[in-house]
Amino acid sequence: MTHNPKSKNELPISSITSDYIYESGSSKNSDISCYSSSPHPTGTTTHDRSQHPKSCTVTSTNSTSTNPHDVHIPPAFSIDFDNESGEVDREYTGQFEGPEKTLEVCFRRKDGMTEMDHSQFQSDSSTFPPPKAGLRLLRRSDLDHICKRARCTILSSISNQYLDAYVLSESSLFVYNYMIVIKTCGTTTLLRCLAVLIELGRRLDLELDWVGYSRKNFNFPDDQCFPHGSFTQELEYLYGHKRLCEKLDGNGYTLGPITDDHWFVFVADQTIRSKPDMENDRVLNIMMFDFDLDVADLFYYDKYQRKKEGETEEQAVKRISMEQTKAAGIDALCPGALFDARAFEPCGYSMNAILYKSYYTMHITPEEGSSYASFETNQKLASYTSLINNVIRTFRPRRFVMTLMADEGGLREIKGNPLLDTSEFSKIAVPPKSKYNAGLVYKRTNIASIKVESDCCCMMGNWTIAHELGDRDFNEQRHRGMSFT
């Protein structure tokens, strides 16, 4: 399929607005009351849209509630507010929200052809990889507009036969023929680009197939811009948005303890089950907090020679970025992959790596007191145990959160994953980094799981350091089955 130029009757993509429908109250503190939460037996809360109307009424309150799902909407809310809210930068408070918001949107061809069908139609050979099609035919200006709506920019990119990967000023973007994944951190406004994505898909003769949005609870929720003030506000944005509410019929879920790190998930599934599932049917994410100070020190720009003789600024950035990658051992986590790393001034690091149909991405904020590092991949492995152990061994965090989203078929294929193990075998042991340091044992403190829509399985767990180990103790822990590569 070729990318046809827009018709004379179509507006340029930059003119697409959000057209949000809302009934606003007059109070400065407003509480949205149209969603009820019911406990789920597996440690989750369901935010079910089906029992509520599409529109929502805001009722004013005179006191500040401690409900974690409270929402504060500007009193003079209007349709135009959504178009302006994401364009204003918040003043930097000295705190940075490291954990990312993640949006995954899948499409299908309106003519019903699968990617395999299209590949065979285009060639006498049935060999893969398929030719570029669908979303990979989007122009750079379209991708720039998507990023602008989320308040970020494209810095660099790499490609292979299956996907295009972009390092953003605030995390990463991955584009497949019929799937797009966007991760943004800080105070970005990720959901504001969803209407643009759906419209771009329509212009490419694609239908919406699946939408997933997820994030960990914010550390600094008051710093967020609309519509990310709370999970309830995010859900209300999706359900009250004129360009989205007619296309999305999904539900929101909360996994994990509300008093500890937890994970919010929204899924709208319109997949036609008679068709083959998407190839990339599992995503593992590890979010690490307060990691080792010596490791954090590697991601400060001034620790490296800023510019060598004859280097351009861009060449210096690329060199320092790879020096940080190798110094931390990140390159060993993704052997054989094509890397695109980016070091930031005065500190910080982002990395995309791609290998065949899989992506890996890391984002690091090294500031002492609020350090954060994330690792995510959709690589299909029979066992994730060694990969998880190696990631934790590289950063040695004080605590971490692990999430897994997979379809039922993908979950059955996984033979090794601490999220699926018993409490005893879910422990992760990290050896001493030198004879002067102790080893670490991480204990899973809680786990939650849920099956959403038809076959999407979501799991999350929290780990924290249980105790430190000497060399002898660590060897005893290894005998219980801990493996490292």
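Cut-off values and rules
- Residues numbered from 1 in each chain as written.
- Predicted model: local features only at pLDDT ≥ 70, side-chain atom pairs only at ≥ 80, totals over all residues.
- Heavy atoms only, no water.
- Salt bridge = Lys/Arg side-chain N within 4 Å of Asp/Glu carboxyl O.
- Buried < 20%, exposed > 50% of the residue type's maximum accessible area, 1.4 Å probe, protein only.
- Helix = DSSP H or I, 4+ residues; strand = E, 2+ residues; numbered from the N terminus.
- Phe/Tyr/Trp six-rings, centres within 6.5 Å; stacked < 30°, edge-to-face > 60°.
- 1 Å grid on protein atoms, 1.4 Å probe; cavity = no way out; pocket = protein on both sides within 12 Å on 5 of 7 lines; lining within 4 Å.
- Points joined across faces, edges and corners; volume = space filled by probe spheres on them.

J.: In this structure, what is going on with the pattern of salt bridges? I would like to understand it.
T.: Where charged atoms from two side chains of opposite charge come close, those side chains can pair. Under the defined criterion, the tally for this structure stands at 24 salt bridges. When the shortest N-O distance is used, the salt bridge between D302 and R306 registers 2.5 Å. With a relative accessible area of 59%, D302 lands in the exposed category. You can call R306 partly exposed: its relative accessible area is 40%. With a closest N to O distance of 2.3 Å, E345 and R306 form a salt bridge. Residue E345 is found in the loop between strand 14 (338-343) and strand 15 (349-355), and its partner R306 is found in the loop between helix 6 (293-297) and helix 7 (313-328); the two are separated by 39 residues along the sequence. Through salt bridges with shared partners, one network takes in R108, E207 and D209.

J.: Quick question: what am I supposed to make of helix 3 (residues 140-150) here?
T.: The periodicity of an α-helix, 3.6 residues per turn, causes residues three or four positions apart to be oriented the same way. Considered for burial, the residues of helix 3 that qualify are D142, L143, H145, I146, C147, R149 and A150. Looking one or two residues beyond helix 3, the residue adopting positive phi is R151, at roughly 70 degrees.

J.: Would you take a moment to explain the packing of aromatic side chains for this structure?
T.: Any two aromatic rings considered together are summarised by their centre-to-centre distance and by the angle between their planes. One pass over the full model with this rule turns up 10 aromatic pairs. On the numbers, 5.2 Å between centres and 55 degrees between planes, the contact of F299 with Y349 is tilted. Here F299 is found in the loop between helix 6 and helix 7, whereas its partner Y349 is found in strand 15, with 50 residues between them in sequence. Each of the two residues, F299 as well as Y349, counts as buried. Summarising the aromatic geometry, the rings of F400 and W463 are spaced 5.3 Å apart at their centres and angled 5 degrees between planes, so their arrangement reads as stacked. Of this pair, F400 sits in strand 18 (residues 399-407) while W463 sits in strand 21 (residues 456-469); the two residues are 63 residues apart in sequence, bridging distant segments of the chain.

J.: Help me understand empty space enclosed by the protein, please; the structure alone is not making it clear to me.
T.: Any space left empty among the atoms is revealed by the rolling of a water-sized probe across them. On inspection of all chains with the given rule, the structure shows two cavities of 30 Å³ or more. In this structure, the largest cavity encloses a volume near 200 Å³. Lining the largest cavity are 21 residues, and of these T102, S214, W263, V283 and E376 sit closest to its centre. When contributions to the lining of the largest cavity are tallied by element, the ones reaching two or more residues are strand 5 (101-109), strand 9 (179-184), strand 10 (206-216), strand 13 (282-289) and strand 18. No other element matches the six residues that strand 10 contributes to the lining of the largest cavity.

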